[in-house]
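Next come the chains, spelled out residue by residue.
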Amino acid sequence: MNRKFPICLLLGALLTVVFFSCNKVENEGELIYSNSVVISSFALQANDDIMENLDTVFFTIDLDRGLVYNADSLPVGTNVSSLKVDMTYAEGSSAEFQVTGGEWMRDTVFKYNSEDSIDFTGDVKFKIISRDMMNEKTYTIKVNVHKVEPDTLYWGQMARRDLPSYTTPLEQRTAQFNDKLYCFIKDLKGYIMSITSDPLANRWEKNRFELPFTPDLSSFTATDDALYVLDSEKTLYTSTDGLNWTTCGVKWYSVIGSYENTLLGVTEEGGVYKHAQYPASESFVATEVPADFPITGMSQMVKLESRWALSDQKIMIGGETASGEYCRYTWGFDGSVWGIVCRENMTIGRLKGVTLIPYYCTYFDYESLDVLVEPTLLAVGGHLDDGTILREVMMSIDNGLTWTVGNDCLQLPEYIEPFTGAQAFVINSTLTESRSMSSAWTEMQTKLPASMRINSRAIKPVTSWECPYIYLIGGVNEYGELNNNIWRGVINRFTFKPLY
């Protein structure tokens, strides 16, 4: 039997289908929203009194969750209590702000007007009602501000750890070998070799062991394939596990560092100091060290990364020369030749026992709106030639060619006492949002209607990222006493979940 419906009912049903299909439908797994309740653009208005280029700060519009937010937070201390905004949404729709708990907007509702200031210190909602009154949507609008200075090198007091010893340590020296830290410790009962591949978790394998010789812990060093230490009689010993040691059959005055599989040092005979290598290559010649070359008390050698160098280069700073003067130069080694690599008028200064750290400095470029990361050498601690300990952090952004006092955000906090002879290592750890120090934002996937995606910045979900931590280990204080400390430092920005 055929049924006939009035044409008005058929048209009404058709319009209902069209209406709902225009407001929210599934399309290949994505939600497409009606333009009648969609915010299609959002920006802060320019105000140089608050921040330069304020109008260029990017805001994400998340339609699924009804959120508008700036994922890249504004600098610490930015005043967001009185900001004007520019918005685009459907013409003819009703739109109003509701602000609660703000500094001066305690409980305020008002129609949107681009000339009105909004207090974003409180909870800000934005409600849109479509022109035909059939749809409405409420958005939460957040203007995020960093809670900490993102470009500060932060040394957390709660992250400080004791040296990995069973009892009070008397001496220590740490080396990095096979992607692990080897902490060689002397205490009242003997010697301990503590090993970790995860210093962030502070998990150390502690091994008390005996030695057939008395080690000079200050000479403890690693090459790419072995560990080395001098004994009290200047005989060189080697090990591949830190516990079992064999003699190398040579005597050295001091150990400088390493280059790949080669140990570098100094020998002395009749008051003449010469360069030494172990194992020595066939082409190596034991030449006398220059008068201004350090024979003891130099920093760790660190490797430089350069796209122009034909071979890897390692450098060191500070130390004491054969004449007893403190060295003020940056010395570099390219695998065959030593040379001074700093400018005469911008040297590190005369230091002994300084700690050299290959790290970074970061800053936000307000013109490009990008975070710039500069490879940077940091020099901390060490004795000056007047007997005092260097308190300021020195920095070099040109691989040790020139040195200046680091900016305020790189300086050590007051609670880290002056020290000399500490070791430092930069080790990447994988962070997740729950393991990070302070994620300044919550990342969300933006889902805009296809017609609006031309100018949108897509954000790929991030679940983990690499964060470079500095581990500053040991050293001695101004009274010559061992510091029972492992300090962990990081530029705050590296702990924030990155935007891709």
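Scroll up to find the structure this text is about.
Within each chain, residues carry numbers counting from 1 in the order of the written sequence. Per-residue local features are limited, in this predicted model, to residues with pLDDT of at least 70; the limit for side-chain atom pairs, both in listing and counting, is 80 or more; totals at the level of whole chains, interfaces and linings are taken over all residues. Hydrogen atoms and water are omitted, and side-chain values are computed over all heavy atoms in the structure.

## A closer look at empty space enclosed by the protein
Right, on to step 1. For each structure, a 1 Å grid was placed over the protein atoms alone; sets of points admitting a 1.4 Å probe that cannot get out are labelled cavities, open sets with protein on both sides within 12 Å along at least five of seven lines are labelled pockets, and lining residues have an atom within 4 Å of a point. Grid points are joined across faces, edges and corners, and a volume is the space filled by probe spheres set on the points. This structure, assessed with the given rule, holds two cavities of 30 Å³ or more.
Right, on to step 2. Taken together, Ala-159, Arg-161, Pro-199, Leu-200, Asn-202, Trp-204, Tyr-471, Ile-486, Trp-487 and Arg-488 make up the full set of residues lining the largest cavity.
Right, on to step 3. If you tally residues by element for the lining of the largest cavity, the top one is strand S37 (residues 486–491), at three residues.
Right, on to step 4. All residues other than Ala, Val, Leu, Ile, Met, Phe, Trp, Tyr, Cys, Pro, Asp, Glu, Lys and Arg, Gly among them, are scored as polar; the first ten of these are nonpolar and the last four charged. Taken together, the residues that form the lining of the largest cavity break down as seven nonpolar, one polar and two charged.
Right, on to step 5. Considering only enclosed or pocket space, the second largest cavity measures out at about 40 Å³ in volume.
Right, on to step 6. Taken together, Val-380, Gly-381, Leu-390, Arg-391, Glu-392, Leu-412, Pro-418 and Phe-419 make up the lining of the second largest cavity.
Right, on to step 7. Its residues assigned to classes, the lining of the second largest cavity comprises five nonpolar, one polar and two charged. Elements are defined by DSSP. Helices are runs of H or I of four residues or more, strands are runs of E of two residues or more, and each kind is numbered from the N terminus.

## Overview of the pattern of salt bridges
Right, on to step 1. One side-chain nitrogen of Lys or Arg within 4 Å of one carboxyl oxygen of Asp or Glu is enough to make a salt bridge. All told, the structure shown has nine salt bridges when counted by the stated rule.
Right, on to step 2. Put simply, Arg-350 and Glu-325 hold a salt bridge, and the shortest N to O gap is 4.0 Å. Of this pair, Arg-350 sits in the loop between strand S28 (338–340) and strand S29 (351–352) while Glu-325 sits in the loop between strand S26 (320–321) and strand S27 (330–333), placing them 25 residues apart in sequence.
Right, on to step 3. For Arg-350, a relative accessible area of 30% translates into the label partly exposed. The buried label goes to any residue with under 20% of its type's maximum accessible area, the exposed label to any with over 50%, and the partly exposed label to all in between, with areas taken from a 1.4 Å probe on protein chains only.

## Structural notes on the packing of aromatic side chains
Right, on to step 1. Pairing of aromatic side chains requires ring centres within 6.5 Å, counting the rings of Phe and Tyr and the six-membered ring of Trp. Pairs whose planes differ by under 30 degrees are stacked, by over 60 edge-to-face, and all others tilted. All told, the structure shown has 25 aromatic pairs when counted by the stated rule.
Right, on to step 2. Grouping aromatic residues by their ring pairs yields a cluster made of Tyr-89, Phe-97, Phe-110, Tyr-112 and Phe-126.
Right, on to step 3. Put simply, a charge is over a ring when the Lys NZ or the Arg CZ is close to the ring centre, within 6 Å, and near the line of the ring normal, within 35 degrees. Sitting over the ring of Tyr-166, Lys-206 keeps its end group 5.5 Å from the ring centre.
Right, on to step 4. Stacked on the ring of Tyr-253, the Lys or Arg Lys-234 has its end atom at 5.1 Å from the ring centre.

## Examining the sheet that holds strand S16 (residues 215–222)
Right, on to step 1. Only strands that DSSP links by at least two bridges are regarded as paired with each other. Taken in spatial order, the four strands of this open sheet run S16-S17-S18-S19, and their pairing is antiparallel. Only two strands of the sheet have a single neighbouring strand rather than two, namely S16 and strand S19 (246–251). For this sheet, the mean inter-axis angle between neighbouring strands, taken without regard to orientation, is 30°.
Right, on to step 2. In the sheet, S16 pairs with strand S17 (residues 227–231) via four bridges, with the strands oriented antiparallel. Paired with Thr-221 across the two strands is Tyr-228, which belongs to S17. Lines are fitted to the C-alpha atoms to define the axes, a helix being fitted only along its stretch in contact, and any angle between axes, read from their N-to-C directions, falls within 0 to 180 degrees.

## Concerning the side chain of Asp-187
Right, on to step 1. Relative to the helices and strands, Asp-187 resides in strand S13 (residues 180–187).
Right, on to step 2. On the accessibility criterion, Asp-187 (3% relative accessible area) is buried.
Right, on to step 3. Here the side chain of Asp-187 touches Thr-167 through a polar contact of 2.7 Å, side chain to side chain.
Right, on to step 4. Under the rule applied, a polar contact is a pair of N or O atoms within 3.5 Å (in protein, one hydrogen donor and one hydrogen acceptor; residues adjacent in sequence only if both atoms are side-chain atoms). A polar side-chain atom of Asp-187 sits 2.7 Å from a polar atom in the side chain of Arg-208.
Right, on to step 5. If we skip the residues at most four places from it in the chain, Asp-187 touches Ser-165, Thr-167, Thr-168, Pro-169, Leu-170, Ile-192 and Arg-208. The contact criterion used throughout is that any non-hydrogen atoms of two residues lie within 4.5 Å.

## A few points about the environment of Phe-126
Right, on to step 1. Secondary-structure assignment places Phe-126 in strand S9 (residues 123–129).
Right, on to step 2. Its relative accessible area of 0% is what places Phe-126 among the buried residues.
Right, on to step 3. Taking C-alpha positions, Phe-126 is 9.6 Å from Val-68, a pair spaced 58 residues apart along the chain.
Right, on to step 4. If we skip the residues at most four places from it in the chain, Phe-126 touches Ile-39, Met-87, Tyr-89, Ala-95, Glu-96, Phe-97, Tyr-112, Lys-137, Thr-138, Tyr-139 and Ile-141.

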